[in-house]
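# Reading the structure
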Amino acid sequence: SALAALEGELATLVAERPVPAEDQLPGMGDEAPLRFAAYAGGAEVLEGEAGSLGELLAGWGSRPVVAHDWKSLAAAEDRCETPLLEHDTEVAAYLIDPARRGYPLAELIEETGLGATVKDGGEPAERAVLTRALAVRQRAILEELDLTRLLSEVELPLVEVLVEMERAGVKLDVETVRSIAARVGEQALALEREIWELAGEEFTIGSPQQLAPILFEKLGLSRKRRGKTGFSTDARVLHAIRGEHEIVPKIETWRELTKLKSTYLDAFPSLLGPDGRLHTTFQQTATATGRLSSTNPNLQNIPIRTELGREIRACFTAEAGHRLISADYSQVELRLLAHIAGEEVLKDIFRRGEDVHTATAAEILGGGRDSARTPDASQPHPDPGTRSKAKMVNYGIVYGLSAFGLADRLQIPHEEAQAFIDRYLERFPAVGRFIEATVEKAADDGFAATLHGRIRRIPELRARQRQTRLLGERLAVNMVIQGTAADIIKVAMVRCRAALREAGSSTRLVLQIHDELLFEAPESEVEEACEIVRREMAGAFEMDPPLEVDAGAGVNWLEAK
DNA sequence: AGTCGAAGCCAC
DNA sequence: AAACGTGGCTTCGACT
Ligand SMILES: Nc1nc2c(ncn2[C@H]2C[C@H](O)[C@@H](COP(=O)(O)OP(=O)(O)OP(=O)(O)O)O2)c(=O)[nH]1
Ligand SMILES: [Mn+2]
Ligand SMILES: [Mn+2]
């Protein structure tokens, strides 16, 4: 075909539907034709129209493709054979500078100083030429920054995996969602009346500007922090004053109920696809550290902490005859910290098979008689809420939590908080050295880097304001660890996809939640898929201590975890 | 009617 | 308010 015959290399494809099917799932059949243009560096730009991406690519041949934001194009179209992705100018721009707001093609072209006119060509033709020119420039920069392998071996192979995940979606038990929503709605209304009664007036509970004067002036409750507009009424403040007036716990509960109802219960039914499943969009170029994000809806922040939250999580189900498999790295960033910092005390804890979050839970929140004893492999089980709080403490301290911050979060005296932080850092002496070395190198280089070479510029380190520089120090340390964890799970995703395919498995990856992969597997494949996933995730990066994976299966997400 | 920032809060 | 980090979504209230 003409497409296959296009001369040159870095064959670049631009394709768009003139009336983009906004928020619409593929396969509706009423879309406008796909206008496309292709250019490979020769004398000719090819332009045309096709009914679908599949039809267009049928003439493409086996040549790899260059594009800008290939994932959006592919995910919006029906499943079809796609060529290898050789370069994506959006993803490349993200690797070069991941802290930017966005990567619109026009902006990248403009700032690179590129221009083109195509004789007798339309706008897509020009865009094909410019996209290719941008790709050429970027490839030189990527080479200089040592980002070529990260792009070609991790990010680009990941694109196809993400497209499959978005297409697959995840099943939602919408009937149960509706019934929980109805129940919670009634509870919230009842609470609202009680709150008004206790306040002596009707007001908008959801307005902190109206709530604050009632709590702190009318009822005279203790003020804690203040923000730009007045005294804070956030959850930590309410928790601290919950004993002062019976209205406070009611507001706390009202907040929890209405939050979960509006964000999840009410939102999901309208977001269901025709297949009865929720289809998120994974953003590959949104975070400064290399993590993915999830939008419309965000399926990376499904509740789990409270009882109602767990009910909501249980509404994420497997198709009949299937199971969900959840595979989550154990204490992943603490393990990475031990590895990167060479922290032998921390390594020892992992070697003994212990759980640092659990140990911290016992130590600071446990209160039990023998809970302060040196933890062993048979540590007592803290309740999930307590371990979760301990997790926040562990990562908080590593990433620069102050004694003020810890005292506020744990509701303890400053001195106690300071002592805990001091003791923590004394016990793991290599952590402090790692932090210092990381900050110094980042200040020197102007950027922090992950073990896979992903970089994040840290201009904050060169700011004149001390406060901003300290922020830069925390950003640098966090980038190294969180970013490496992000690299690792991306590698794992590509490995899992390949290994499942190799095994002839029809188990599908459906969600990524930062250090967790959620799969949907036919019942008969669950055991094999579990083992494959464990192996591929644990093997995604060799380190000391090794990565460990907690995997489980169930008919819903809650059971699987 | 839409946009914006602030506050707040869900998750990792 | 304070100096854990990474996100996205909802509500309110001011504004265009
Ligand atoms: N800075 C910071 N990072 C967090 C926080 N919560 C989670 N993370 C990061 C670090 C974790 O390794 C990573 C994955 O979260 P998880 O909930 O899976 O925790 P983790 O793997 O540490 O423990 P796990 O054994 O899975 O329960 O996300 C937090 O409160 N602060
Ligand atoms: Mn984990
Ligand atoms: Mn996790």
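Worth saying up front: this structure is predicted, and the values here are computed from it rather than measured.

### Quick notes on the overall build of chain A
A count of helical and extended segments in chain A gives 23 helices and 16 strands. What you see for chain A is a C-alpha radius of gyration of 26 Å, in line with the 24 Å of a compact globule of 561 residues. The dimensions of chain A, computed from C-alpha atoms along their principal axes, are 75 × 55 × 55 Å. Out of the 561 residues in chain A, the part that is buried amounts to 48%. Counting contacts in chain A only where the partners sit at least 6 residues apart, residues at least 24 apart contribute 65% of the total. Carbon and sulfur atoms provide 49% of the accessible area of chain A, an area that totals close to 26900 Å².

### Points about the coordination of the manganese ion (ligand 3)
Only Asp328 (OD) and Asp515 (OD) from the protein reach the manganese ion (ligand 3) as donors, at distances of 2.1 to 2.2 Å. Separating the manganese ion (ligand 3) from the manganese ion (ligand 2) is a gap of 3.5 Å, bridged by aspartate 328, which donates to each. Of this pair, aspartate 328 sits in strand E11 (residues 322-329) while aspartate 515 is found in the loop between strand E14 (508-512) and strand E15 (516-522), placing the two residues 187 residues apart along the sequence.

### Overview of the pattern of salt bridges
Oppositely charged side chains can form a pair if their charged atoms are brought close together. In the structure shown here, the tally under the stated rule is 46 salt bridges. One salt bridge connects arginine 100 with glutamate 107, and the closest N-O pair in it is separated by 2.9 Å. The partly exposed category is assigned to glutamate 107, whose relative accessible area is 39%. One salt-bridge network, in which partners are shared between bridges, spans Lys171, Arg277, Glu319, Arg508 and Glu520.

### Structural notes on the protein's contact with DNA strand C
The environment of DNA strand C is formed by 41 residues, the closest being Ser207, Gln210, Arg225, Arg226 and Ser402. Of what DNA strand C places within 4 Å of the protein, 82% of the atoms are sugar or phosphate. Taking arginine 291, its side chain carries an N or O atom lying 3.3 Å from a base oxygen of DNA strand C. Within the backbone of leucine 401, one N or O atom sits 3.3 Å away from a sugar or linking oxygen of DNA strand C. For the surface near DNA strand C, the elements supplying multiple residues, two or more each, are helix H9 (208-218), helix H11 (247-265), strand E9 (293-295), helix H17 (384-398), helix H18 (403-410) and helix H21 (466-502). Here the surface near DNA strand C takes 7 residues from H21, the largest share from any one element. Considering only residue class, the surface near DNA strand C consists of 10 nonpolar, 23 polar and 8 charged.

### Regarding the protein's contact with DNA strand B
Taken together, the neighbourhood of DNA strand B is formed by 23 residues, with Ala235, Arg291, Ile304, Arg305 and Asp515 sitting nearest. Here, DNA strand B places atoms within 4 Å of the protein, and 84% of those atoms are sugar or phosphate. Taking threonine 233, its side chain carries an N or O atom lying 2.8 Å from a phosphate oxygen of DNA strand B. Between DNA strand B and isoleucine 513 there is a distance of 3.4 Å, counted from a sugar or linking oxygen to a backbone nitrogen or oxygen.

### Description of the domain arrangement of chain A
With domains assigned, chain A is organised as domain 1 (4-167) and domain 2 (172-278). Each of domain 1 and domain 2 has a C-alpha centre, and these two points are 45 Å apart.

### Comments concerning the packing of aromatic side chains
Counted according to the given criterion, the structure contains 8 aromatic pairs. Look at phenylalanine 316 and tryptophan 557: their rings are 5.6 Å apart centre to centre, the planes differ by 80°, and that puts the pair in the edge-to-face class. Pair noted here: phenylalanine 316 is in strand E10 (residues 316-317) and tryptophan 557 is in helix H23 (residues 557-560), with a separation of 241 residues, a long-range link. Note on phenylalanine 420 and tyrosine 424: the rings are 6.1 Å apart at their centroids and 50° apart in plane angle, and the pair reads as tilted.

### What about the sheet that holds strand E6 (residues 170-172)?
Taking strand neighbours across the sheet as the criterion, the 3 strands line up as E7-E6-E10 in an open arrangement whose pairing is antiparallel. In the strand order of this sheet, the two ends are held by strand E7 (277-278) and E10, each with one partner. Sheet topology places E6 next to E7; 2 bridges connect them, and they run antiparallel. Within E7, the position partnered with valine 170 by the bridge is leucine 278.

### What to know about the packing of helix H4 (residues 89-96) against helix H6 (residues 123-144)
Contact geometry for H4 and H6: axes closest at 10 Å, N-to-C directions at 30°. Considering the angle they form, H4 stands roughly parallel to H6. Taken as a pair, H4 and H6 cross one another with a handedness that is left-handed. Of H6, the residues touching H4 (which contributes Thr89, Ala92, Ala93, Leu95 and Ile96) are Thr131, Leu134, Ala135, Gln138, Ile141 and Leu142. When its residues are assigned to classes, the contact of H4 with H6 shows 8 nonpolar, 3 polar and no charged.

### Quick notes on the site of ligand 1
Taken together, 14 residues lie near ligand 1, and His357, Arg387, Lys391, Tyr395 and Asp515 sit nearest. A distance of 3.0 Å is found between an oxygen atom of ligand 1 and a side-chain nitrogen or oxygen belonging to aspartate 328. Interatomic distance of 2.7 Å between a side-chain N/O atom of lysine 391 and an oxygen atom of ligand 1. The protein chains hide 74% of the 590 Å² of surface that ligand 1 would expose on its own. If one sorts the elements of the shell around ligand 1 by residue count, H17 sits on top with 4 residues. By residue class, the composition of the shell around ligand 1 is 5 nonpolar, 3 polar and 6 charged.

Definitions and cut-offs
Residues numbered from 1 in each chain as written. Chains lettered and ligands numbered in written order. Predicted model: local features only at pLDDT ≥ 70, side-chain atom pairs only at ≥ 80, totals over all residues. Heavy atoms only, no water. Helix = DSSP H or I, 4+ residues; strand = E, 2+ residues; numbered from the N terminus. Rg over C-alpha atoms; globule rule 2.2 N^0.38 Å. Buried < 20%, exposed > 50% of the residue type's maximum accessible area, 1.4 Å probe, protein only. Contact = heavy atoms within 4.5 Å. Areas by Shrake-Rupley, 256 points an atom, 1.4 Å probe, with all protein chains shown as cover. Donors = N, O, S within 2.8 Å, 3.2 Å for Na, K, Ca; no water. Salt bridge = Lys/Arg side-chain N within 4 Å of Asp/Glu carboxyl O. Near = heavy atom within 4 Å. Polar contact = N/O pair within 3.5 Å; in protein donor to acceptor, adjacent residues only side chain to side chain. Nonpolar A, V, L, I, M, F, W, Y, C, P; charged D, E, K, R; others polar. Domains from an automatic or database assignment. Phe/Tyr/Trp six-rings, centres within 6.5 Å; stacked < 30°, edge-to-face > 60°. Pairing = 2+ DSSP bridges. Axes fitted to C-alpha atoms, helices over the stretch in contact; angles between N-to-C directions. Parallel < 35°, antiparallel > 145°, perpendicular 65-115°, else oblique. Left-handed = near helix turned anticlockwise from the far one by under 90°.

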